[in-house]
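Chains, contacts and geometry: an overview
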Amino acid sequence: LSAAAARILATDSVRVICGPSLDETSAGEDEARVLTLTFSFTPCLSLAGDWSGDGDLGYNSVSGNSDSESLALGLNGGYKTDNWSHAGEIDAYNASQNNQTSAKSYSIKLQSDYDLSESSFAFGNVRYLDDEFSGYETQTSLTLGAGRTFIEDGNNLFSGQIGLGYRTSELRNN
């Protein structure tokens, strides 16, 4: 794989972590209960060619004097051709405490890299963020630039990017 592919594409290893746990503790009349469930999978796409992907799904529930729940989802995918690498990320997070929403955010990020040489590349990046508990309704950005890979071996990758961007932010009316 080229440096751009190593930056963007997931490894071919399959990693499945499935650890549901339910811990209950009692202290006199106070009672607490915790439920945590996490799944991680790599790759989620087993298509022919240079496709890759991975994802995470997590759920946490705590009850006692107060109740809280959270749900997190993350999906990543990529595609590599001779000189191009394309990657996308989707993230969602939702949390509540005592049946009131305390966090809610969604984001999408897309990036394409074009290899100029073994260690240099040009890139374009688009990002969208919708976070209900920030000062903005939505934030969208577009970035174009160049990057360079300084170190790449089997286990390590160090690269940098520099570019110009444009961002729009819609203020939340409270």
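Small disclaimer: the values here were computed from a predicted structure and weren't measured.

**Some details on the confidence of the model for the protein chain**
Do not read the predicted coordinates in detail wherever pLDDT is low. When pLDDT is averaged along the protein chain, the result is 78; 71% of the residues meet or exceed 70. No element of the protein chain has a lower mean pLDDT than strand β1 (residues 15-18), which averages 34, and none a higher one than strand β8 (residues 120-131), which averages 96. In the predicted structure, residues 1-30 sits below a pLDDT of 50 and forms 70 contacts with residues beyond four places in sequence or in another chain.

**Comments concerning the pairing of β8**
Bridge count between strand β7 (residues 100-115) and β8: 11 bridges; the pairing is antiparallel. Within the sheet, the bridge partner assigned to Y106 lies in β8 and is D130. Hairpin connection from β7 to β8: 4 residues lie between these consecutive antiparallel strands. By the bridge criterion, 10 bridges tie β8 to strand β9 (residues 136-152) in an arrangement that is antiparallel. Its bridge partner lying in β9, S120 is registered against R148. As consecutive antiparallel partners, β8 and β9 are separated by 4 residues.

**Observations concerning unusual backbone geometry**
Residues other than glycine seldom take positive phi values, yet N98 does so here, at roughly 50°. Along the chain, the position of N98 falls in the loop between β6 (84-97) and β7. Residues other than glycine seldom take positive phi values, yet N99 does so here, at roughly 60°. Along the chain, the position of N99 falls in the loop between β6 and β7. Judged by its relative accessible area of 79%, N99 falls in the exposed class.

**Overview of the pattern of salt bridges**
Here the structure, examined in full by the defined rule, presents 3 salt bridges. Between K80 and D115 there is a salt bridge, with the nearest N and O atoms lying 3.2 Å from each other. In this pair, K80 is assigned in strand β5 (residues 68-80) and D115 in strand β7, connecting sequence segments 35 residues apart. Both residues of the pair, K80 and D115, count as buried.

Here is what the cut-offs are and how they apply
- Residues numbered from 1 in each chain as written.
- Predicted model: local features only at pLDDT ≥ 70, side-chain atom pairs only at ≥ 80, totals over all residues.
- Heavy atoms only, no water.
- pLDDT = per-residue confidence, 0-100.
- Helix = DSSP H or I, 4+ residues; strand = E, 2+ residues; numbered from the N terminus.
- Contact = heavy atoms within 4.5 Å.
- Pairing = 2+ DSSP bridges.
- Buried < 20%, exposed > 50% of the residue type's maximum accessible area, 1.4 Å probe, protein only.
- Salt bridge = Lys/Arg side-chain N within 4 Å of Asp/Glu carboxyl O.

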